[in-house]
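# Chain and residue survey
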Amino acid sequence: MAESSNPIRKVVIVGGGTAGWMTAAPLALGLARACDITLVESPEIGTVGVGEATLPTLRHYNMALGIDDADFVKKTQATFKLGIEFKDWGHTGNRFFHGFGDYGPEVENGAPHMAWLRLLRDVKDMPPLATFSTAAAMAGANKFTPPFGDAPGACNAYSYAYHFDASLYAAYLRDYAMRRGVTRIEGRIVDVEQHSETGFITAVKLDDGRRIEGDLFVDCSGFRGLLIEGVYQAGYDDWSAMLPCNSALAVPCEKTTPLTPYTTSTAKSAGWTWRIPLQHRTGNGHVYCNSFTSDQDAARVLLDGLDGRALDDPRQLRFTTGRRRKSWIKNCVAIGLSSGFLEPLESTSINIIENSVSWLLEHFPDRDCSPHLADEYNRLLSERFEYVRDFIILHYKLTNRTDSEFWRYCADMAIPDTLKHQIELFRETGRVAIYDEKGFSVSSHLAILLGLGVMPKRYNPLLDKMDPRPLLAHFARVRDVIQNTVAAMPDHADYIAGHVAAP
Ligand code: FAD
């Protein structure tokens, strides 16, 4: 017989950045009637405040909270994101698009890219695979509208995410969570109390002497990992040998037109810059390794590349790429930057926060906090971090750039065996290994691998005997449907104006 439960009475969230409020909102929805939720934040310490590009899964996160999309887009100054334009990554002048979605519907005997590889063998002027991406076609024309219905057809094989103002999003979720009963406390935590026998955290103490007790503590304190590292010394796997960027400069600039429905990432001599269009401004940043360039030069590269007037001085951030060895220890669960950080090349940090909160709810403990729940949570999170890590390294490792010490380092550096396998599998057979069904799709891998110039030697041999004519007709149809559909779509800026004005 199962033992009677010993339910959690109070959850304390430490930190009110994106992670803190993204944790508080679903907990408020799922647990508010079951236990008290308190969030402590220190305006004096502040938040990282960047983090403006997301993945399509954020829509599911918002939907689960019952957030009205138009209201969210209006209040966070959001724009729509169909993917990322990569410039100068494979070599100077190289450009490709990582769009959200597929290259048209499935074809007989498998994935569209296999049929495309098969046709490349016989058809001299076969267009690039990206021609069959609706997301890429929309991005190229600055068009946006959500996909129509669920049936996978040529023109709706795409998805979308958002760009938003991170501080407005945190404020949006703060209002949401507080309306559902979350208590917010301002103050700086200076001490932590632990149970003398179990080592469980029993309370955090503020600099004004206040004491906040709890049964479960969620550490959203940012890079410092106030509880997970400060109290439990969880340890950190440092991945900077494979992902050498350790610095960023961020600066907003005046918005320019047209309002592009995508992020732009441009490779530079010691890293890359981002451009994220919002309704009221454009977010910009330069991610770089300070062993290969100075902060002054990095700032110059960033400011020289702005397409509008800078609205502030660049803000400097330092980080160590890697993962906390354990993110759940005893009654403490780290979410957000306190659990690890991978550079924002593919906008994955907020996505990892979404996963973390949903895994916490799925594995929600009682007051005994079974170590088995912690082990399972740590396993899921570790796998997610490794999968994302491999995908990001791919962008650097496959470069053909030799024009700076940084890029020569990236081309030569050792990479994980899982990624070696991924690259060789694709190069030899055209197949992509998916280790994590919730992670980046086959199409995402294809965009990066083909975009950086890796062309498979073979394709699915089952297609060998197929008559190429129906395949060719399939791709011609997909291209026509995409072109006609995109031509009829509204301009991105017009779509937003109509969306936020809707009653
Ligand atoms: P923070 O924002 O640092 O918040 C920490 C909170 O803890 C604050 O409220 C602080 O007051 C509180 N705190 C700390 N110590 C104490 C204390 N002693 N007492 C009380 N309170 C305390 N992610 C994406 O998904 N997309 C992106 O495009 C993206 N771009 C990024 C660009 C850069 C350069 C960087 C560095 C990150 C980027 N990220 C991005 C990651 C994203 O910014 C973070 O995942 C997100 O902001 C979460 O941060 P956080 O809430 O964990 O930490």
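Just so it is clear, the model here is predicted, and its values are computed rather than measured.

### Regarding the overall build of the protein
Summing up its helical and strand segments, the protein has 14 helices and 21 strands in all. Relative to a compact globule of 503 residues, whose C-alpha radius of gyration would be 23 Å, the protein shows 24 Å and is just as compact. When the backbone C-alpha atoms are referred to their principal axes, the protein occupies close to 75 × 60 × 55 Å. Per-residue burial over the protein gives 46% buried out of 503 residues.

### Here we look at the site of the ligand
Taken together, 38 residues sit near the ligand, with Gly 15, Gly 17, Gly 51, Gly 222 and Gly 336 positioned nearest. Mapped by element, the contributors of at least two residues to the shell around the ligand are helix 1 (18-31), strand 2 (36-41), strand 13 (247-253) and helix 8 (349-362). Broken down by class, the residue content of the shell around the ligand amounts to 17 nonpolar, 17 polar and four charged.

### Remarks on the sheet that holds strand 7 (residues 183-186)
Judged by pairing direction, the sheet is mixed, and its six strands sit side by side in the order 7-2-1-11-20-19 without closing on themselves. With partners counted over all chains shown, the strands left at the sheet margins are strand 7 and strand 19 (328-329), one partner each. Pairing of strand 19 with strand 20 (residues 332-334) involves two bridges; the strand directions are antiparallel. Across the sheet, residue Trp 328 finds its bridge partner in strand 20, namely Val 333. Sitting on the sheet, helix 1 is in contact with strand 1 (10-14), strand 2 and strand 11 (216-219), with an inclination near 170° to strand 2.

### A look at the UniProt feature "binding site: 7-chloro-L-tryptophan" (unreviewed entry) in the protein
Under the present numbering, the feature "binding site: 7-chloro-L-tryptophan" (unreviewed entry) in UniProt falls on Lys 81. Given 29 C-beta atoms within 10 Å, Lys 81 falls into the buried group. Residue contacts for Lys 81: discarding those within four places in its chain leaves Ala 53, Thr 54, Tyr 160, Ala 161, Tyr 162, His 163, Pro 261, Tyr 262 and Thr 263.

### A few points about the UniProt feature "active site" (unreviewed entry) in the protein
Under the local residue numbering, the UniProt record ascribes the feature "active site" (unreviewed entry) to Lys 81. Position of Lys 81 relative to the elements: it lies in strand 3 (residues 79-81).

### Some words on the nonpolar core
Ile 13, Val 14, Ala 24, Leu 82, Leu 173, Val 218 and Cys 332 are the most contacted members of the largest nonpolar core, which has 134 residues in total. Residues within four places of Ala 24 in sequence aside, it is in contact with Ile 13, Ile 37, Leu 39, Leu 173, Ala 177 and Val 182.

### Comments concerning the packing of helix 5 (residues 134-141) against helix 13 (residues 468-487)
At their nearest, the axes of helix 5 and helix 13 sit 10 Å apart, and the two run at 40° to each other. What the angle tells us is that helix 5 and helix 13 run oblique. In this structure, the crossing between helix 5 and helix 13 has a hand that is right-handed. Taking contact as the criterion, the partners of Thr 134, Ala 137, Met 138 and Ala 141 in helix 5 are, on helix 13, Ile 482, Gln 483 and Val 486. Here the contact of helix 5 with helix 13 is composed, by residue class, of five nonpolar, two polar and no charged.

### Things to note about helix 7 (residues 295-304)
Burial in helix 7 covers these residues: Ala 298, Val 301 and Leu 302. Buried residues in helix 7, looked at end-on, bunch into an arc of 95°, giving them a common side. Those residues of helix 7 that are exposed and aimed more than 90 degrees away from the buried face are Gln 296 and Asp 304. Looking at the packing, one finds that the buried side of helix 7 touches strand 13, strand 14 (263-268), strand 15 (271-277) and strand 16 (282-288).

Conventions used here
- Residues numbered from 1 in each chain as written.
- Predicted model: local features only at pLDDT ≥ 70, side-chain atom pairs only at ≥ 80, totals over all residues.
- Helix = DSSP H or I, 4+ residues; strand = E, 2+ residues; numbered from the N terminus.
- Rg over C-alpha atoms; globule rule 2.2 N^0.38 Å.
- Buried ≥ 20, exposed ≤ 12 C-beta atoms within 10 Å, placed from the backbone.
- Near = placed C-beta within 6 Å.
- Nonpolar A, V, L, I, M, F, W, Y, C, P; charged D, E, K, R; others polar.
- Pairing = 2+ DSSP bridges.
- Contact = placed C-beta atoms within 7 Å.
- Axes fitted to C-alpha atoms, helices over the stretch in contact; angles between N-to-C directions.
- UniProt positions renumbered as here; feature names shortened; annotations may be inferred.
- Core = buried A, V, L, I, M, F, W, Y, C linked by C-beta atoms within 7 Å.
- Parallel < 35°, antiparallel > 145°, perpendicular 65-115°, else oblique.
- Left-handed = near helix turned anticlockwise from the far one by under 90°.
- Arc of directions from axis to C-beta.

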